[in-house]
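Summary of structural features
For reference, the chains in residue letters:
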Amino acid sequence: MSQHLSKKQFAQHMENNKAKFYRLAFCYVKNEHDALEIISEATYKGFINLSKLENPEFFDTWMSRIIINCAYDLLKKQKKYEFIVPDDTLPAREEDLSVDDRLDLYQALNTLQPDERTLIILKYFEDRSFREIAETLKLPESTVKTRLYRIIGKLKSAVSV
């Protein structure tokens, strides 16, 4: 029998993971306002659909999928299908990159389709395992690996041109 999260547990999980969820949203829109809008919408959708989460141990994966879908929805609504040049509110993991490296990174990511960007973001920005990515995207782990290696090859050839 599955055990559902209470409203209080949902709030606690959201609080415990707010930085990680914000970074995930930020990777799609590259600005604080839109990232917070995505988190707000995802939190609402997660809360009203809380009874659909059958296994509380998959909360992070489940919310990540909701955040990704909300990011796609916002991008479609704004017709912004490309990464924009980042500003000074970058998440901590990217601070080690020089400005030129960041620009190269975002230009390379700009060449990818949204589903390809999602794989790169989850693997390299969110440091997710192949298994976690597969669970989040509801794909076989072997498919995730194959697609990711193909995307890396695509990025390498784009950089070497």
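The coordinates are above.
Thresholds applied
Residues numbered from 1 in each chain as written. Predicted model: local features only at pLDDT ≥ 70, side-chain atom pairs only at ≥ 80, totals over all residues. Heavy atoms only, no water. Phe/Tyr/Trp six-rings, centres within 6.5 Å; stacked < 30°, edge-to-face > 60°. Helix = DSSP H or I, 4+ residues; strand = E, 2+ residues; numbered from the N terminus. Buried < 20%, exposed > 50% of the residue type's maximum accessible area, 1.4 Å probe, protein only. Lys NZ or Arg CZ within 6 Å of the ring centre and 35° of its normal. Core = buried A, V, L, I, M, F, W, Y, C linked by side-chain atoms within 4.5 Å. Contact = heavy atoms within 4.5 Å. Axes fitted to C-alpha atoms, helices over the stretch in contact; angles between N-to-C directions. Parallel < 35°, antiparallel > 145°, perpendicular 65-115°, else oblique. Left-handed = near helix turned anticlockwise from the far one by under 90°. Nonpolar A, V, L, I, M, F, W, Y, C, P; charged D, E, K, R; others polar.

Under the counting rule described, the total for this entry stands at 7 aromatic pairs. Taking the centre distance of 6.1 Å and the plane angle of 50° together, the rings of F59 and W62 count as tilted. Here the residue F59 and the residue W62 both occupy positions in helix 4 (residues 59-78), the gap between them amounting to 3 residues, near one helical turn. Relative accessible area serves as the criterion here: at 1%, F59 is assigned to the buried category. By the ring-pair criterion, three or more aromatic residues cluster together here, those being F10, F21, F47, F59 and W62. If you follow K123 out to its NZ or CZ, it ends over the ring of F130, 4.2 Å from the centre.

Right, let's talk about the nonpolar core for a bit. Counting 44 residues, the largest nonpolar core has Y28, I38, F59, W62, M63, I67 and I120 as its most contacted members. At the level of secondary structure, the elements contributing two or more residues to this core comprise helix 1 (7-16), helix 2 (18-29), helix 3 (32-48), helix 4, helix 5 (99-110), helix 6 (114-125), helix 7 (130-137) and helix 8 (141-160). Here this core takes 11 residues from helix 4, the largest share from any one element. Not counting the four nearest positions on each side in its chain, W62 is found in contact with F10, G46, N49, L50 and L53.

Turning our eyes to something else, we now look at the packing of helix 2 against helix 3. Two elements in contact, helix 2 and helix 3, have axes separated by 8 Å at closest approach and are oriented at 125°. Relative to helix 3, helix 2 is oriented oblique. You can see that helix 2 and helix 3 cross each other, and the crossing is right-handed. In contact with F21, Y22, A25, F26 and V29 of helix 2, helix 3 contributes E32, D34, A35, L36, I38 and I39. Taken together, the residues of the contact of helix 2 with helix 3 break down into 9 nonpolar, no polar and 2 charged.

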